[in-house]
There are 2 protein chains.
Amino acid sequence: MAPKSKATITDVARAAGVSTATAGRVLGGYGYTSDDKKEQVLKAAQSLGYRPNALARSLITGKTRTLGVVAGDIQNPFYASVLRGISNVAEANGFGLLITNSDEAQTKEVRSVELLAQKQVDGLIVTPSDTRKARHLHNLKAMGVPLVLIDRAVAGLMVDRVATDNIAAAEQAVRHLIAAGHRRIGIVAELVDEKDGGLETFLTRAIAGDPIESEMLYPSWQRLLGYVRAHRIEGLAIDPRLTLRAGSYSALAAHAVVPGLMTAPEAPTALFTTDGTMSEGTMRALADLKLSIPQDVSIVCFDDLDWMSFHRPGITTVAQPRLAMGEAAARMLLERIHGEDYPPRTVLMPAELIKRGSVTQL
Amino acid sequence: MAPKSKATITDVARAAGVSTATAGRVLGGYGYTSDDKKEQVLKAAQSLGYRPNALARSLITGKTRTLGVVAGDIQNPFYASVLRGISNVAEANGFGLLITNSDEAQTKEVRSVELLAQKQVDGLIVTPSDTRKARHLHNLKAMGVPLVLIDRAVAGLMVDRVATDNIAAAEQAVRHLIAAGHRRIGIVAELVDEKDGGLETFLTRAIAGDPIESEMLYPSWQRLLGYVRAHRIEGLAIDPRLTLRAGSYSALAAHAVVPGLMTAPEAPTALFTTDGTMSEGTMRALADLKLSIPQDVSIVCFDDLDWMSFHRPGITTVAQPRLAMGEAAARMLLERIHGEDYPPRTVLMPAELIKRGSVTQL
DNA sequence: AAAAGTCACGAGAACGTTCTCACATATGAG
DNA sequence: CTCATATGTGAGAACGTTCTCGTGACTTTT
């Protein structure tokens, strides 16, 4: 009734006239206790406004019932939805959520992981910002901290992972454009990190059908690969001038790079954007250029953002199950926390092509 | 080098040949230590891969360096941005962030607050789902837990608060429509909780200019009040049929309620939507009805969502400084945590009307 | 030269829980 | 009747830190 400052289990025990051990058993719900003592303790706890101190409990049990998440940027709709998915299953299981942003920078990611590890989270969900080196994540695994990766993989790091089947989804999207008669299709992609030999080497290898370690690629490179495969399947040549590299994960970068292509003589009749952020930048650029969709350009986007359904025309796009991805990741993490011991699993979520009105038949 | 399982401060002390007290002083950065012992301890810590246990530290210091946040829904762009703002200043000050969703439901909010309190957060930022009763928040305050409210107030709860100046912003938006010659302006608002006497009583009182406790109103009611004031100032009568109440905080609810008005004989020439979610639902409804903006209807929205700038036409809207609101709230909370003792402050952030192309001159 | 700081270190308590153990008592099986 | 098993309780250790205090050694002030 009168929850003044803080009452400890010792206070409750004293008020109830039992030992701290018994009070602990009642309040913590473990061991045996008689009904009448239980009642006394509960009444005492109630009147003192007792609230268990999770810190002390965690210190001794070694479990915090808290999940750590390192996202790229909470503000980004992709991460916001994934986080909501994670939050849903965390909450359903009585777990708290400690969330940080990496802004896709390795240094910030390392700091975040360190912070979360010090706070003794029971497990971590990370969208790694570097797919090659990640000592901090290898360390985590070596120390037995459950870890699930979302959206990206890390070379040599064998842990659970959930991602979209990017190659297949991009291939389907681009084939849809080709089927509509488009022959010159531009792609606007982030493609941030430098592959060995750069974009050109990657393209020639992809076009030649050389085997590529596609699992370890960034999503935007995987989606580029899907774009190339669609062309190969349909027997279309690839014009490297149509592959736009924004170079950073921002709408501004996409916005900056689109006008050059659209005003050039080799302008494409259709565009494929590889994620929500690229889509926004591209849409803004097209608006600036006063190009109409789909009369002047057709467009297929990746990731189904809210506005795409009521934009006029509706935007044809590849919908990733973002919420379900977060939920799946959290569920896998909880399984590991509860001690399940499968070999590392990779869950590739299917994406769905939603056809609306942004593609014209040529 | 070899960060096997977990090394404690005792292990480090033993390896360095000093007492745990000295090791603690070096590693924790408090008290005096000689340079050579410091070096020994640091080297030992390094080679054991020592990572401080924040739980044990917090248990004794009584500080967790963690902020708790109860948001409505992380997935909603409004909360996502506010959270990013909070996250920015938390991170800059070395604080972690424990985040939960309330879905605007009091029961979930209470559960969240309880969870965060048990985890001993140093302070809480809450968007209260009920502006009248909030025993859990009063309790928090009574127990001396620093608390900052965002977006909404709670009657009788004197704590720091940051919100948008909703009445002024809505008034400005609606006057902009009136200045453009519009005389029949519809408003699409959430208006979720039942005021005494309901919407009609509220309207008659507002129209009559009766004094209203506007501080304690939900944002959507405040924005409705701004709508009424704009009419009063401009000498326009209010047609209650033009005030659309969605009744819940979802785009679907707005989507359901708009067509009835727009197809009726008393259809307005312009619409004012009171938040991002109402805006989405309304836009979707207008798209379904194949009404063109601004030829068939003009529209002014509340909250500047990403798509509004590249939508064609651009959407005229009231931009709230969401990021800055989160940052301000976090900064105020940190000040309280550091023991500052001002009287409760209310920070009303100004909103800016961004004129784009969704309003036609009549 | 005595008093009073400052600096350096260790022993052990403290934070608020759960866990281990010892010791009861009751209940059922042989 | 006796042994095992389930039920109930308390004393005290344990979790991994920081904090308090006591004891020196050295330096500065009076």
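Residues numbered from 1 in each chain as written. Chains lettered and ligands numbered in written order. Predicted model: local features only at pLDDT ≥ 70, side-chain atom pairs only at ≥ 80, totals over all residues. Heavy atoms only, no water.

Novice: Just checking my understanding: could you explain the interface of chain A and chain B for this structure?
Specialist: Accessible area lost upon the coming together of the parts is a frequently used measure of interface size. Between chain A and chain B, the contact holds 60 residues from the first and 60 residues from the second. Around 5,300 Å² of area is buried between chain A and chain B when both sides are counted, 55% of it from carbon and sulfur atoms. Per-residue buried area on chain A facing chain B is highest for A:R51, A:F310 and A:R312; these three make up 15% of the total on that side. Between the two partners, chain A and chain B, sit 10 salt bridges. Across the pair B:E91 and A:K108 runs a salt bridge, and its minimum N-O distance is 3.0 Å. Our count for the contact surface shared by chain A and chain B stands at 26 residue pairs in polar contact (both at pLDDT 80 or more). The class makeup of the residues in the side of chain A that touches chain B is 25 nonpolar, 18 polar and 17 charged. (Contact = heavy atoms within 4.5 Å. Buried area = accessible area lost by both parts, 1.4 Å probe. Salt bridge = Lys/Arg side-chain N within 4 Å of Asp/Glu carboxyl O. Polar contact = N/O pair within 3.5 Å; in protein donor to acceptor, adjacent residues only side chain to side chain. Nonpolar A, V, L, I, M, F, W, Y, C, P; charged D, E, K, R; others polar.)

Novice: Is there a simple way to explain the relation of the copies chain A and chain B in this structure?
Specialist: Taken together, a rotation about one axis and a shift along it account for how the two chain copies relate. With an RMSD of 0.1 Å, chain A superimposes on chain B once it is rotated by 180° and translated 0.0 Å along the axis. In the structure described here, the two chain copies are related by an operation that fits a two-fold rotation axis. Residue A:L98, judged by its C-alpha, is the member of chain A lying nearest the rotation axis, at 2.3 Å. When the interface residues of chain A are mapped onto chain B, 100% of them are again interface residues, pointing to one common binding face. (Least-squares fit on C-alpha atoms with pLDDT ≥ 70 in both.)

Novice: Mind showing me how you'd approach unusual backbone geometry here?
Specialist: For residues besides glycine, phi is generally negative; the peptide bonds are generally trans as well. Omega for the bond connecting A:R312 with A:P313 falls within 30 degrees of zero, at 0°, which places this linkage in the cis form. Within the secondary structure, A:P313 sits in the loop between β9 (298–302) and β10 (316–319). Positive phi outside glycine occurs at B:D103, with the angle close to 50°. Counting through the fold element by element, B:D103 comes out in the loop between β2 (96–101) and α6 (106–118). We classify B:D103 as partly exposed; its relative accessible area is 35%. For B:E104, which is not glycine, the phi torsion reads 60° and is therefore positive. With respect to the helices, strands and loops of the structure, B:E104 is situated in the loop between β2 and α6. With a relative accessible area of 24%, B:E104 lands in the partly exposed category. (Helix = DSSP H or I, 4+ residues; strand = E, 2+ residues; numbered from the N terminus. Buried < 20%, exposed > 50% of the residue type's maximum accessible area, 1.4 Å probe, protein only.)

Novice: What exactly am I supposed to notice about the protein's contact with DNA strand C here?
Specialist: Lining the immediate environment of DNA strand C, one finds 24 residues, of which A:I60, B:T22, B:R25, B:Y32 and B:S34 sit closest. The sugar and phosphate moieties of DNA strand C supply 68% of its atoms located within 4 Å of the protein. Here a phosphate oxygen of DNA strand C and a side-chain polar atom of B:T22 are 2.3 Å apart. B:Y32 is positioned with one of its side-chain polar atoms (N or O) 2.6 Å from a phosphate oxygen of DNA strand C. Secondary-structure elements contributing two or more residues to the surface near DNA strand C are α2 (20–28) and α4 (54–61) of chain A together with α2 (20–28) and α4 (54–61) of chain B. (Near = heavy atom within 4 Å.)

Novice: I'm lost on the domain arrangement of chain A in this one. Help?
Specialist: Considered domain by domain, chain A is made up of domain 1 (9–52), domain 2 (64–164 + 323–349) and domain 3 (166–320). Taken over C-alpha atoms, the centre of domain 1 of chain A sits 63 Å from the centre of domain 3 of chain A. (Domains from an automatic or database assignment.)

Novice: Before we go on, may I ask you to explain empty space enclosed by the protein in this structure?
Specialist: Any empty space left between atoms is shown by rolling a water-sized probe over those atoms. Within the structure shown, the criterion is met by 4 cavities of 30 Å³ or more. Elements that contribute at least two residues to the lining of the largest cavity include exactly α4 of chain A together with α4 of chain B. Its residues assigned to classes, the lining of the largest cavity comprises 6 nonpolar, 6 polar and 2 charged. Approximately 160 Å³ is the volume found for the second largest cavity. Lining the second largest cavity are 16 residues, with A:D151, A:E190, A:R223, A:Y249 and A:D275 positioned closest to its centre. Among the elements of the structure, α10 (219–233) and α12 (276–288) of chain A are those that each provide at least two residues to the lining of the second largest cavity. For the lining of the second largest cavity, the element with the highest residue contribution is α10(A), accounting for 3 residues. Grouping the amino acids of the lining of the second largest cavity by side-chain chemistry returns 4 nonpolar, 5 polar and 7 charged. For the lining of the second largest cavity, the two domains that each supply at least three residues are domain 2 (64–164 + 323–349) and domain 3 (166–320) of chain A. (1 Å grid on protein atoms, 1.4 Å probe; cavity = no way out; pocket = protein on both sides within 12 Å on 5 of 7 lines; lining within 4 Å. Points joined across faces, edges and corners; volume = space filled by probe spheres on them.)

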